[in-house]
Each structure stands twice: as structure tokens, then as C-alpha cells.
Amino acid sequence: MNVAELILKKRHGKELAQAEIEFLIHGYSHGTIPDYQMAAFAMAVCFQGMSLKETVHFTQSMVDSGEVMNWAGKSSVGDKHSTGGIGDKVSIPLAPMLACCGMTIPMISGRGLGTTGGTLDKLDSIPGYRSEMSCDEFQSIVHWNGCGIAGASSNLAPADKKLYALRDVTGTVSSIPLITSSILSKKAAEGIDALVLDVKWGTGAFMKSLSDAKQLAESLVTVGNRIGLKTTAIISDMNQPLGRMIGNAVEINESVDILQGNGPDDILELTLVLGSQLLLDVGLVSSLQDGRNQLQSKIDTGEAYQKFAEMVASHGGDLDAKREIGPSHAVLAAESGYVSRLNAERLGMAIIEMGGGRRKITDSIDYSSGIEFLVKIGDRVEIGQPIANLFCNGQQIELARELVGASIGIGSHRVEQVKLIVETVARSPG
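Residues numbered from 1 in each chain as written. Predicted model: local features only at pLDDT ≥ 70, side-chain atom pairs only at ≥ 80, totals over all residues. Heavy atoms only, no water.

A word on unusual backbone geometry
Where we set the bar: Elements are defined by DSSP. Helices are runs of H or I of four residues or more, strands are runs of E of two residues or more, and each kind is numbered from the N terminus. Buried residues are those whose accessible area, probed at 1.4 Å on protein chains only, stays under 20% of the maximum for their type, while exposed residues exceed 50% and partly exposed ones sit between those limits.
Even without being glycine, Ser-76 reaches a positive phi, approximately 55 degrees. Inspection of the secondary structure puts Ser-76 in the loop between helix H4 (52-63) and strand S1 (78-82). Exposure remark for Ser-76: the relative accessible area of 11% places this residue in the buried category.

Next comes the structure, spelled out in C-alpha cells:
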């Protein structure tokens, strides 16, 4: 086959055959198709899109480019994936909670880049925690504990790892077929039976509009089921941070609070919604309410926290060791009124200015920096009232304070609180 002809075919909006897609992915992952040709193909996809059939073949080809984890002897293997947000720490308490309910959770996660935080960066704030390891070692941890959270090894969906890096520098990230295949190929390579997706929309999400989030959710659910992965998506709001804490060590502390029954209501609610859906999808419960009850009971009995401590220890971490938090600086409300809007993306920018996030992948992180956000949309505030606390050791405190202050809109009229859970998107396989 001729790669240039395939690029032209896609540029003209024609559908590629399965064999043509397999040829492209195999050639690119093995180095016989260069970056510049794959970049041209990705740009053509951005303009012309992909049919459902093409997206399914593209996703499966990326799964087949590497190894797939084997969970022989294990049943009810599943995972959760979020499209990213500010203060989104759900994965951290959810994995041990699900393991306590009889699931096997091999959670492959990522690092933060841009304004959204990364689960691995948060876990790396725990002294000794190892988030990078071989696939064999990770599987041993999951077999032993029932759950583990680590980064992807180079052998899992290597075509996606290579293509994602290329898309990131060629302006071809925002394509729903390419996003769909990227997310699902990594998850399918985990060898799981079921996947629940948290697709976010709003100022702090990749999808800024609800309609785009719904389109992505539909694509993920449809393609996931077509490749044999029981997939359900929950669309949730990210127009304000989840919970109170934003950062790394502070989000681990809040995750511990959740597991000990003291966490914020919105984080707990989203955790229970996602967890109960996954338990239902693998057949461990007969209803969503039954799933919620089981998950909540694991918090109430202390089992979930104990499981998390065991998981951390198996990764080499010490949950009891002190996690450094920077000195606190208050941000005060500039006027009285009702919180009418929050720009979650600006809060993520503030974290970056404080050293808690990355501008580029090679940047180091100050795990001790963070923000405690004290108000939600709809709350009443008075002038001079603390609306946030900044935890920061650096010289960028004033810029961070400005960003946090500018993230909040205050009006004279009360507005309704935002709806956290928008809808569930599910489709039967086939």
C-alpha cells in the first residue's frame, strides 16, 4: 500500500478499509511510516473525521500494537477513566473501594499536563510511592491487592503513546475519533471486562460545551462496546472544582478524608455514582442503589482506607509519612453577593504558577503547593470573606492570588447550584 494515497483518500473524506488502517498503525508503530506522514493523516482526520467502522478498526489496531494484560483466574476486572478536571481525585479512593467489593482494578493513569491535574503526580506526593514499573510488577501488585494505580508501560498500546505525542505538537488533539481511539486503546490493553467513563464538560474540562461532551461520550460508549469492552459513560460538570482541594499532596489528604468518611459531598457523590455503575456493569450488584450501599459500607467499616494503605505500601509508599504542605495565604472576596460563576481553568493555571503543575512534560513539580477553595456556585459571600487558601512556598503568590480572585464571579442575585451529574450514556454491545 502507498501511505500518500491513504492520506489523500482520507483528505477527500473517503472511508478507509480495515486492512488500510491496520497497515498505517503497524507501519507507524514499527517506524516504517515517518512522523510527518502520520501527522498529515491525523490532520486529515481532524478535518474529515472517521466513520464508526473506521474508528473501531483504528482503536483495535492500536490495542493490537502491543501486549494486553492477562487476568487469568480473575473475574470482574474493570477500570474507570476521567477526561480530566480540576480537583478530580476520584480514582484514588474509588480503586480501593471497588477492590473491597470484589473487583480487580488495574488502573493505568497519567500525569498532569496543562491545567488538569494527573493522578500519578498526586500519588507521587506520597513518600516512596512508585508509579512507574514494569507490566509484570504491576500485575503482581494488582493480583495481590485487587487494585493498583501506575503509569502505562511502553508495551501497552505503544502506537497510541507515539501518536499522542505527535498529536500534542501538531494541533491534532481535538478530534473525537482520535480521542476515542486513544482512551479506549489504553484501557482495552489493560485486559478489563468493563469500563466506566467520567466525561466532563465546562471551564475546567477539555470539552468546554455540553454538546461536545455528549458527542464524545456517545463515541466512547459505542466504540468501546464494539471492541468487546462493556462501556458506560457518566457526563459530569466541571465548571467548578471537585471537592475543596486542588494540587497534589492536598488532594491525597482529601482522598484520605473521603476514605475515612469525612470528604466533601460532591467528591463522594461522583465516586459512588461511578463505582456503583461499574459494579452493576460487571454483575456484582443487582442495582445502582445496591452498589452505592456496598461502596459506602466499605468506607463506614474502614475497609476501604485499609485497602488503600495496603495498595500504597505495595507500591513502596508510606501513607503515614508526613506530606509537606506549603504555608497558607488567604484570598478574600472583593465584594459581597452570590457566587455566580467559577473559572476552573484559571484555578488550574494558578496551580501551575505555584509550581504544582507543568507547562511541559519535563517540568518538575512542587507537591506541597495547592489551593483550598472555600466556596461553590450559588454560595453567599461577604466582602473580605476568605474564599480560598493558597499553599505556596514560591515567589508567584501574588500572581496566583490574582488568578484565583479572577476565577470567581460575584453577582447580586442568587443562582442555582450546578448539577454535578448530567446524564448516563450506555449502549448494549453489538
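Here we look at the sheet that holds strand S8 (residues 337-342)
Rules: In this scheme, strands are said to pair when DSSP sees at least two bridges between them.
Strand order in the open sheet made by the 3 strands is S10-S8-S12, with antiparallel pairing throughout. Looking at which strands have only one partner, the edges of the open sheet turn out to be strand S10 (380-381) and strand S12 (408-411). Pairing geometry for S8 and S12, over 4 bridges, is antiparallel. The residue of S12 that forms the bridge with Arg-341 is Gly-409.

A few points about the sheet that holds S1
Rules: The axes are straight lines fitted to the C-alpha atoms, using for helices just the contacting stretch, and the angles between their N-to-C directions are given from 0 to 180°. Working rule for contacts: check all heavy atoms of both residues, and any pair within 4.5 Å makes them a contact.
In space, the 4 strands of this open sheet follow the order S1-S4-S5-S13, with mixed pairing throughout. Because the sheet does not close on itself, it has two edges, and the strands there are S1 and strand S13 (421-426). For this sheet, the mean inter-axis angle between neighbouring strands, taken without regard to orientation, is 15 degrees. Looking at chain direction, strand S4 (residues 194-201) and strand S5 (residues 230-237) are connected through 8 bridges and run parallel. Bridge pairing in S5 links Trp-201 to Asp-237. Sitting on the sheet, helix H10 (residues 210-226) is in contact with S4, S5 and S13, with an inclination near 170 degrees to S5.

Some words on the nonpolar core
Under the convention used in this document: Among buried residues, the Ala, Val, Leu, Ile, Met, Phe, Trp, Tyr and Cys ones that are joined through side-chain atoms within 4.5 Å form a nonpolar core.
Among the nonpolar cores identified, the biggest contains 69 residues, and Phe-308, Ile-371 and Val-404 are the most heavily contacted of them. The biggest single contributor to this core is helix H12 (residues 265-281), with 7 residues. Setting aside its immediate chain neighbours within four residues, Ile-371 contacts Arg-244, Met-245, Ile-246, Leu-347, Ala-350, Ile-351, Met-354, Ala-388, Asn-389, Leu-390, Phe-391 and Val-404. Counting residues in each nonpolar core, the second largest holds 35 residues, with Ile-108, Leu-197, Leu-229 and Ile-235 among its members.

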